[in-house]
Amino acid sequence: GDSRPDPYADIPDRQPVMHRTAAGDAGPDGWCLAESTRGAFSVMLPGKFNDTMHKMGTTTGGTSIFHTVLTKTADGADFNATRFEIIGARPPGSPPEMMVHRFRELGGKIVREEIVLAGLPGTRMHVEAQGTTADMVLITTPWNDYMLAVQFLGPISPSLQQDVERFLQSFKIKQPRQ
């Protein structure tokens, strides 16, 4: 088994931890570089952001840690980037497939394509379900999954589409320390 000490022993189970609220130094265009406090990734967000973490057990006896940076724009678009870190045995199933299944159950329309983001293969999905639209990318690696998502009501405008592209293309994973 995994004999490393738990790097998250200081984090309570099932209790969200708020590292920072309304964080970030906005540039002239209002965008902020959002660096996750313990998630080892960064992304540009259109406004000040919250930086959170959540730890919970998995169905396989391991631990999942969710590292998230997120913001909501004045026009109601939710931007969020999350690293799902898995310690111990990985639960079965592919996160992109599980998400597609969930949206289909809601009667959603899904367009998906395989892409490369931050040098890693991923699945991009455009989903429309129950009046909500979401544009997201899921990246799956052996120990981490990353999800970048923008969710909003109604159809996407050209300016919001530009913001979605800027958000996705800015995503970077920090190299782990050796």
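The structure this text deals with has already been given above.
Keep in mind the model is a prediction, meaning the values are calculated, not measured.

Enquirer: Would you mind going over the pairing of strand β6 (residues 78–87) with me for this structure?
Expert: For a regular strand, side chains alternate in direction, first toward one face of the sheet and then toward the other. The element β6 is extensively covered by neighbouring structure, given that 7 of its 10 residues are classed as buried. Here strand β5 (residues 63–72) runs beside β6; their pairing, made up of 10 bridges, is antiparallel. Each residue of the ladder has a partner; that of I65, found in β6, is E85. Linkage of β5 to β6, two consecutive antiparallel strands, is achieved through a turn of 5 residues, within which G76 is found at a positive phi near 90°. In this sheet, strand β10 (residues 144–153) lies alongside β6 in antiparallel orientation, the contact comprising 8 bridges. Each bridged residue has a counterpart across the sheet, and for E85 the counterpart in β10 is N144.

Enquirer: Is there a simple way to think about the sheet that holds strand β8 (residues 120–129) in this case?
Expert: Within a beta sheet, neighbouring strands are joined by backbone hydrogen bonds and run either parallel or antiparallel to one another. Strand order in this open sheet of 8 strands is β1-β4-β5-β6-β10-β9-β8-β7, and the pairing throughout is antiparallel. For this open sheet the edge positions go to β1 (17–23) and β7 (109–117), each flanked by a neighbour on one side alone. Recorded for the sheet is a direction-independent mean angle of 15° between the axes of neighbouring strands. Where strand β9 (residues 132–140) and β10 come together, 9 bridges link them in antiparallel fashion. Across the sheet, L138 pairs through a bridge with M147, a residue of β10.

The rules behind these values
Residues numbered from 1 in each chain as written. Predicted model: local features only at pLDDT ≥ 70, side-chain atom pairs only at ≥ 80, totals over all residues. Heavy atoms only, no water. Buried < 20%, exposed > 50% of the residue type's maximum accessible area, 1.4 Å probe, protein only. Helix = DSSP H or I, 4+ residues; strand = E, 2+ residues; numbered from the N terminus. Pairing = 2+ DSSP bridges. Axes fitted to C-alpha atoms, helices over the stretch in contact; angles between N-to-C directions.

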